[in-house]
Amino acid sequence: MISYPIRINGVDVHAQYTEQAVRAIFLPLLQRLTDMQKEKNRRILVFLAAPPGAGKSTLVSFLEHLSREREGLCPLQGIGMDGFHRRQSDLLRATTLRDGKRISLVEIKGAPMTFDLPHLTDRIREIASGAVCGWPVYDRLLHNPVEDAVQVRAKIVLLEGNYLLLQEEGWDRLSEYADYTISVHADEAMLRTRLIERRIQTGVARDAAVRFVDFSDMPNVRLCLKKTKPVDLCLRIDENNDYHVEPAPV
């Protein structure tokens, strides 16, 4: 196993990836993207979509690390779509119906409707054009995005998010800007366990963590698992945190 300690969204993560996954999946993927960038001679934009709890942010960080340490690969830059959360004040004012009850959008923060899709679309279009541009990052202390927190300059950009490949109106247009698409799937029950444990790590009591995950996170998990578009590369992560290539879901 290859250990990869990193801090993601304020939580220390000690990820591990098997030598087999690195050798048979990740390095060939990075070589494929390097060859694609050389052939097209422009920036390559890659989408990686996965449900909450699937470890997509950590995986993207690890792929960026691999691309920079292995000779012959084009270094990629990883970015995420979390910086496109609608502002906290807007979510507190807006409401929606959930299970027959009207609730504030802040109670389901992370659902598709809590993101600023037009803003995300505009920025993805700018990234795909090859421009050097700013990119927002979500600040969990402020509970708001910080505009232009990072500069996107790389020849290969790997964008991760839950809904980048969602088969719903508006979201289904985003992949028009992607040169290559990847999805990660996992067992629903395993993702629920991971999400609960991750929330407990932030200091939330177990009972509260379970309530939040079941009410807010799990509908998003099921949406991602059931309504992701066909992709160029479909991966599945098992209970041992090992990755496998599989046919894309029909």
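What counts as what
Residues numbered from 1 in each chain as written. Predicted model: local features only at pLDDT ≥ 70, side-chain atom pairs only at ≥ 80, totals over all residues. Heavy atoms only, no water. Helix = DSSP H or I, 4+ residues; strand = E, 2+ residues; numbered from the N terminus. Expected span 1.5 Å × (residues − 1). Buried < 20%, exposed > 50% of the residue type's maximum accessible area, 1.4 Å probe, protein only. Core = buried A, V, L, I, M, F, W, Y, C linked by side-chain atoms within 4.5 Å. Phe/Tyr/Trp six-rings, centres within 6.5 Å; stacked < 30°, edge-to-face > 60°. Lys NZ or Arg CZ within 6 Å of the ring centre and 35° of its normal. Salt bridge = Lys/Arg side-chain N within 4 Å of Asp/Glu carboxyl O. Lys, Arg positive; Asp, Glu negative; His and termini not counted. Contact = heavy atoms within 4.5 Å. Polar contact = N/O pair within 3.5 Å; in protein donor to acceptor, adjacent residues only side chain to side chain. Pairing = 2+ DSSP bridges. Axes fitted to C-alpha atoms, helices over the stretch in contact; angles between N-to-C directions.

Participant: Teacher, can you tell me more about helix α2 (residues 56–69) here?
Facilitator: Residues separated by three or four positions in an α-helix point in the same direction, a consequence of the helix having 3.6 residues per turn. The end-to-end C-alpha separation of α2 is 20 Å, in line with the 20 Å expected for 14 residues at 1.5 Å each. Regarding α2, the residues found buried are K56, T58, L59, V60, S61, F62, L63, L66 and S67.

Participant: Explanation requested: the nonpolar core in the structure shown.
Facilitator: In summary, soluble globular proteins display a tendency toward joint burial of nonpolar side chains. One finds Y17, F26, V184 and Y243 to be the most contacted residues of the largest nonpolar core, which totals 44 residues. Among the elements that line this core, the one with the most residues is helix α1 (residues 19–40), at 8 residues. Within the second largest apolar cluster, 27 residues are counted, among which are V152, L159, A178 and V231.

Participant: Mind showing me how you'd approach the packing of aromatic side chains here?
Facilitator: Geometry of an aromatic ring pair is reported as the spacing of the ring centres plus the angle between the planes. In total, this model carries 10 aromatic pairs according to the counting rule given. Plain terms: the ring middles of F84 and W135 are 4.9 Å apart, the flat faces sit at 70° to each other, and that makes the pair edge-to-face. Of this pair, F84 sits in the loop between β4 (76–80) and α3 (88–93) while W135 is found in strand β7 (residues 133–139), placing the two residues 51 residues apart along the sequence. We classify F84 as buried; its relative accessible area is 1%. Exposure remark for W135: the relative accessible area of 1% places this residue in the buried category. Ring geometry for F115 against W171: centres 6.4 Å apart, planes inclined by 85°, an arrangement best described as edge-to-face. Highlighted residues: F115 in the loop between β6 (101–104) and α4 (117–128) and W171 in the loop between β9 (156–161) and β10 (180–185), separated in sequence by 56 residues. With relative accessibility at 6%, the residue F115 sits in the buried group. Assessed through its relative accessible area of 5%, W171 is described here as buried. Cluster of aromatic residues (ring-pair linked, three or more members): Y4, Y17, F26, F62 and Y243. If you follow R98 out to its NZ or CZ, it ends over the ring of F215, 5.2 Å from the centre.

Participant: Before we go on, may I ask you to explain unusual backbone geometry in this structure?
Facilitator: Glycine aside, negative phi is the norm for most residues, and most peptide bonds take the trans geometry. Positive phi, close to 55°, is recorded for N41, a residue that is not glycine. Here N41 shows up in the loop between α1 and β3 (44–49). Relative accessible area serves as the criterion here: at 65%, N41 is assigned to the exposed category. Its identity as a non-glycine residue notwithstanding, D148 has a phi of 55°, on the positive side.

Participant: Even after reading the chapter, I still don't get the pattern of salt bridges, so can you show me in this structure?
Facilitator: Tallied over the full model, the rule gives 14 salt bridges. Here R125 ties to D122 by a salt bridge, and the two come within 2.9 Å at their closest N and O atoms. One end of the pair, R125, and the other, D122, are both in helix α4, 3 residues apart, so they sit about a helical turn from each other. Across the pair E197 and R206 runs a salt bridge, and its minimum N-O distance is 2.8 Å.

Participant: Looking at this structure, I do not really get the side chain of D217. What am I missing?
Facilitator: Looking at where D217 falls in the secondary structure, it is placed in helix α6 (residues 206–226). Buried and unpaired, D217 has no salt bridge, with R198 as the nearest side chain of opposite charge at 5.5 Å. The residues touching D217, leaving out its near neighbours within four places in the chain, are L195 and F212.

Participant: Help me out: how do you make sense of the environment of K227 in this one?
Facilitator: Mapped onto the elements of the fold, K227 is located in the loop between α6 and β11 (233–237). Take K227: its relative accessible area is 31%, and that puts it in the partly exposed class. As a C-alpha pair, K227 and A54 span 173 residues in sequence and 16 Å in three-dimensional space. Apart from the residues lying within four places of it in its own chain, the contact partners of K227 are L165, L166, Q167 and E168. Reaching out from K227, the side chain makes a polar contact with the side chain of E168 at a distance of 3.2 Å.

Participant: For this particular structure, what's the right way to read the sheet that holds β9?
Facilitator: Working definition: the strands of a sheet are paired by backbone hydrogen bonds and lie parallel or antiparallel to each other. In spatial order, the strands read β4-β9-β3-β10-β11-β12; together these 6 strands make up an open sheet with mixed pairing. Each edge of the open sheet carries a strand with a single partner, namely β4 and β12 (243–245). If you compare each strand with its neighbour and ignore which way they point, the axes differ by 25° on average. Of the strand pairs in this sheet, β11 and β12 are connected by 3 bridges, and their pairing is antiparallel. Looking across to β12, one finds that R236 is bridged to H244. Running at roughly 165° to β4, α2 makes contact with β3, β4, β9, β10 and β12 of the sheet.

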